[in-house]
Amino acid sequence: MSRSWSPRPRRRYAPPPPRSLWRRLLDYGLTVILLGLLILLAARLDRFETRKAEGAAIVNDGDSITLGSERIRMRGIDAPEYQQVCRKDGADYPCGKLARQSLVRLIGGRPVSCSGWQRDRYGRLLGDCKAGSTDLNRAQVEAGWAVAFGDFETEEAGARAGKSGIWAGSFDEPQDWRHTHGHDLVESKHGTLASIGDAMREFFRFR
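Residues numbered from 1 in each chain as written. Predicted model: local features only at pLDDT ≥ 70, side-chain atom pairs only at ≥ 80, totals over all residues. Heavy atoms only, no water.

## Considering the packing of aromatic side chains
Let me state the cut-off plainly: Centre distance within 6.5 Å is the pairing criterion for rings of Phe, Tyr and Trp, where only the six-membered ring of Trp is used; planes under 30 degrees apart are then read as stacked, over 60 as edge-to-face, and the remainder as tilted. Whether a charge lies above a ring is judged from NZ of Lys or CZ of Arg, which has to be within 6 Å of the ring centre and within 35 degrees of the ring normal.
Applying the stated criterion to the full structure yields one aromatic pair. Between R160 and the ring centre of W167, over which it is positioned, the NZ or CZ distance is 4.8 Å.

Pasting the structure below:
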């Protein structure tokens, strides 16, 4: 059995209908918006660059220092405020001042270097700080003079078990103490959602 074959008629090419004026205006508008977003992104990428500061440290309290003109809040920890008091053996004691003294001892007069890219609501750099090979953020939690604030939970657990620093008695969480004494929130507790929120705020901060 044989099969006959005949070529199919070719379809004529029909050019697409011309776009309407409104469609062209919409396309132009979307193009302009996209270009604007790209320009904005390029202009603000510097906000996500890691900033570094180093030098002799002025210790303000248990989790904040000043290096030259750069004010730094140590990221991922929360120490008692300088004026905060805690309780031990049935008596109040100045845990905020002792937290500052702990940080002074950890630094030991050595130059300090801090790096970070975020800032808190007061414009302070949220930094990871070192004095020599000592990770100051971690060491302050290990010594029991700061609580974990999104990082260093293992170190906090060790300090709590050993009843080191503020864990030797009772205390208000620093953020709770600030709230009850009329102080504003200075930093969001770290975590995935908080980091995303911080990044968005940093990107759209127009100053």
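Past the structure itself, the notes keep going.
## As for helix α4 (residues 153–161)
The line we're drawing: Each residue is assigned to one of three classes by its accessible area relative to the maximum for its type, calculated with a 1.4 Å probe on protein chains only: buried under 20%, partly exposed between the two thresholds, exposed over 50%. Secondary structure elements are defined from DSSP: runs of H or I of at least 4 residues count as helices, runs of E of at least 2 residues count as strands, and each element is numbered from the N terminus. Comment: arc refers to directions from the helix axis out to C-beta atoms. Note on definitions: a residue-residue contact is assigned when non-hydrogen atoms from the two residues lie within 4.5 Å.
Along α4, the residues classified as buried are E155, E156 and A159. End-on, the buried residues of α4 take up no more than an arc of 100°, which puts them together on one face. Along α4, exposed side chains directed more than 90 degrees from the buried face belong to T154 and A161. On the buried face of α4, the contacting elements are α3 (136–142) and β11 (147–148). At the C-terminal side of α4, K163 shows a positive phi close to 50°.

## Remarks on the state of the cysteines
The line we're drawing: Any two cysteine sulfur atoms lying within 2.5 Å of each other are counted as a disulfide.
Taken as a whole, this structure holds two disulfides when the rule is applied. Disulfide partner of C86: C95, at an S-S distance of 2.1 Å. Taking the torsion about the S-S bond as the criterion, the C86 to C95 disulfide, at about 70°, is right-handed. Classification of C86 as buried rests on a relative accessible area of 1%. Disulfide pairing is shown between C114 and C129; the S-S distance is 2.1 Å. Taking the torsion about the sulfur-sulfur bond, which here is approximately 115°, the covalent link between C114 and C129 counts as right-handed. Of the two residues, C114 sits in strand β8 (residues 112–116) while C129 sits in strand β9 (residues 125–131), which places them 15 residues apart along the sequence.

## Topic: the nonpolar core
Going by this rule: By convention a nonpolar core is built from buried Ala, Val, Leu, Ile, Met, Phe, Trp, Tyr and Cys residues, the set being connected through side-chain atoms within 4.5 Å.
By size, the foremost hydrophobic cluster in this structure holds 29 residues, and its most contacted members are I65, I72, V112, C129, L136 and I166. For this core, the secondary structure elements donating two or more residues are β3 (64–67), β4 (70–74), α2 (95–107), β8, β9 and α3. The element contributing the most residues to this core is α2, with four residues. Discounting chain neighbours no more than four positions away, the residues touching L136 are M74, L103, L106, I107, V112, C129, K130 and A131.

## Structural notes on the environment of L126
Following the sequence through the fold, L126 ends up in strand β9. Residue L126 is classed as buried on the basis of its relative accessible area, which comes to 5%. Taking the C-alpha atoms as reference points, L126 and G76, 50 residues apart in sequence, are found 8.5 Å from one another.

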